[in-house]
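Given next are the chains, with one letter for each unit.
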Amino acid sequence: MKTQDTDLSTSPVEVKELPTARTFFGQPGPLSTLFSVELWERFSFYGMQGILLLYMYFEAERGGLGIDPAIATGVVGAYGGMVYVFCIIGGWVADRLIGSERAMLWSAVMIMAGHIGLALIPGIPGLIVGLLLVGIGSGGLKANVSNLVGHLYSREDPRRDAGFSLFYMGVNIGALFGPFITGFARQEWGFHLAFGLAALGMALGLGQYIWRRRELPADVHTVPNPLPRSSYPRWIVGTVVALLLVGVLLVTGVVNAGNLSTVAVLISAVAAVGIFAFLLTTKKIGADERSRVLAFIPLFIGSSAFFALFQQQFTVITIYSDTRLDRDFSWGDFSWEMPIEWVQSINPVFIIVFAPLFALLWTRLGTRNPTTPNKFGWGIILMGSAFLLFLPMVTTVSVPVLWIAVILLVATMGELMVSPVGLSLSTKLAPAQYPVLMVALYNLSVALGTSLAGSLARFYSAENEGTYFGVLGAVTIGIGVLMLLLARPVHRGMRGVN
């Protein structure tokens, strides 16, 4: 990698002064607090998500609610998609009303309260209360915690990239151990104790954050673009009207559990079309920036297609793990059944192992790096190929766990070419006047894909799994090939951004 020589005697690197001199692996001390919050939040989020579908469709005698699997997968998809929609709302609240620090604090409180609701309130009421609180809180925390990490460094601080890498390691550690621990607890002691462990995890992260939050720099309390007091009545009225409309739609049955994922798809798509239309018509951006926004459209579609399959690890692959995997292990007189949820810990293991290798590969390639559209194309093709790998096992009565690990390995290789690359690209293609809107568009692509994962899952059954995996895999590979064919014109449209 080409670097710029710096004479430290004449051009000292600015290191941001913080209220504490404490360090964390050579990084600013408060990073340990944010690392812990994100680790425990991801532990609780994925720990709950790992058992959520099972809780919904398991029969009462197995501790579940007995909801039809087609409806349950739709609800899970809608919930996962709306988390990313709530990211946009959480970012707006932080930027216009209370600042990132307080927005993240109250988001963490909501997440913990949601898990407590799932643990203590029985039946459908507990499910509704829990998912609402966890969904809104997770969106708010996700929108703000990375921003707080950025506030620990000056723009010139050479530790910045390493600090973010360390922070995101906490994300994957939490995602690894969440399903692992709650899955074991669910199998041994039942769902509500498992939900309680998710609440405990969030409480640990929140407790450390409250204890250490005074060490954060003062500028985390700043509201970047305060909403004028004169605008408060208009926004309050608009919020009340929106909530009343949602209430009417729910009471009249227009929106119901059966079509919730479809509604989430529509919300994500309409919001994305609206943002694209605004960016392409506003006079505040120039020709080059407008070209970059246009270039992001096929990447948005490709990202949505990728996540429509990738996020099925929480819907179809969970059902597949319950009904089709051979999870029994025997040694002599000892026999043990692997919890269903442990399959969801396989992807984080691969991320922890291979993410540093991919980062090293992109660094070593330097100017020979594939363009982002090419990375997207190959990542989407890998995701489609992972679905085709289900086909050799269609006639197998009990599928080996090792086979699902191979499938998830291929999917993870695709993820590493799409997910971190897409988020980075959204910041680089963003118009100077509207950087947040481009990140919002990327989040909406994940929301759209996640919601589609719930909608598509209703077509899955053990009887038609060959058709299901074959058609979705082939269509997704086709989208990836189309992305490769469009790679050059899309790259030209990015106007110098790689």
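Anyway, here's the lowdown on the structure attached to this text.

Each value, and the rule that gives it
- Residues numbered from 1 in each chain as written.
- Predicted model: local features only at pLDDT ≥ 70, side-chain atom pairs only at ≥ 80, totals over all residues.
- Heavy atoms only, no water.
- Helix = DSSP H or I, 4+ residues; strand = E, 2+ residues; numbered from the N terminus.
- Pairing = 2+ DSSP bridges.
- Patch = residues over 30% accessible without salt bridge, like charges linked within 9 Å, V, L, I, M, F, W, Y side chains within 5 Å.
- Areas by Shrake-Rupley, 256 points an atom, 1.4 Å probe, with all protein chains shown as cover.
- Salt bridge = Lys/Arg side-chain N within 4 Å of Asp/Glu carboxyl O.
- Buried < 20%, exposed > 50% of the residue type's maximum accessible area, 1.4 Å probe, protein only.
- Axes fitted to C-alpha atoms, helices over the stretch in contact; angles between N-to-C directions.
- Parallel < 35°, antiparallel > 145°, perpendicular 65-115°, else oblique.
- Left-handed = near helix turned anticlockwise from the far one by under 90°.
- Contact = heavy atoms within 4.5 Å.
- Nonpolar A, V, L, I, M, F, W, Y, C, P; charged D, E, K, R; others polar.
- Expected span 1.5 Å × (residues − 1).
- Bend = angle between axes of the 7 residues up to and from the residue.
- Polar contact = N/O pair within 3.5 Å; in protein donor to acceptor, adjacent residues only side chain to side chain.
- Phe/Tyr/Trp six-rings, centres within 6.5 Å; stacked < 30°, edge-to-face > 60°.
- Lys NZ or Arg CZ within 6 Å of the ring centre and 35° of its normal.

With that settled, the discussion passes to the environment of Ile-317. Assignment of secondary structure puts Ile-317 in helix H9 (residues 316-323). A C-alpha to C-alpha distance of 37 Å links Ile-317 and Gly-493, two positions 176 residues apart in sequence.

A few words on the pairing of strand E4 (residues 328-331). Side chains on a regular strand alternate between the two faces of the sheet. As paired elements, E4 and strand E5 (residues 334-337) share 4 bridges and run antiparallel to each other. Residue pairing for E5: Asp-328 is matched across the bridge by Glu-337. Between E4 and E5, which follow one another and run antiparallel, lie 2 residues, and Gly-332 among them has a positive phi close to 65°.

So, on to a nonpolar patch on the surface. Residues Ile-116, Leu-120, Ile-121 and Val-129 make up a contiguous nonpolar surface patch of roughly 320 Å² in combined accessible area. Judged by relative accessible area, which is 32%, Ile-121 ranks as partly exposed.

The geometry of helix H10 (residues 346-365) relative to helix H12 (residues 401-428) is characterised by a closest axis approach of 9 Å and an angle of 40° between their N-to-C directions. Taken together, the axes of H10 and H12 lie oblique to each other. Where H10 crosses over H12, the two elements pack in a sense that is right-handed. Facing Ile-346, Asn-347, Phe-350, Ile-351, Phe-354, Ala-355, Phe-358 and Trp-362 of H10, the residues of H12 in contact are Ile-404, Ala-405, Leu-408, Leu-409, Thr-412, Met-413, Glu-415, Leu-416 and Met-417. Residues of the contact of H10 with H12, tallied by class, amount to 14 nonpolar, 2 polar and 1 charged.

So, on to helix H2 (residues 69-120). Relative to the 76 Å expected for 52 residues at 1.5 Å per residue, H2 spans just 23 Å between its end C-alpha atoms, considerably shorter than the ideal helical length. Along H2, the largest kink reaches about 120° and is centred on Ile-98. For H2, the N-terminal capping position is held by Asp-68, with its side-chain oxygen 2.9 Å away from the main-chain nitrogen of Ala-70.

We describe a pair of aromatic rings using the distance from one ring centre to the other and the angle between the two ring planes. Evaluated as defined, the whole model comprises 31 aromatic pairs. Note on Tyr-320 and Phe-469: the rings are 6.0 Å apart at their centroids and 80° apart in plane angle, and the pair reads as edge-to-face. One end of the pair, Tyr-320, is in helix H9; the other, Phe-469, is in helix H14 (residues 465-485), with 149 residues separating them in the sequence. The two residues Tyr-320 and Phe-469 agree in class, both being buried. Linked through ring pairs, Phe-177, Phe-180, Phe-329, Trp-331, Phe-334, Trp-336 and Trp-342 together constitute an aromatic cluster. The lysine or arginine in question, Arg-42, covers the ring of Phe-45, its NZ or CZ lying 4.4 Å from the ring centre. One residue, Arg-62, lies across the ring of Phe-58, its end atom 3.6 Å from the ring centre.

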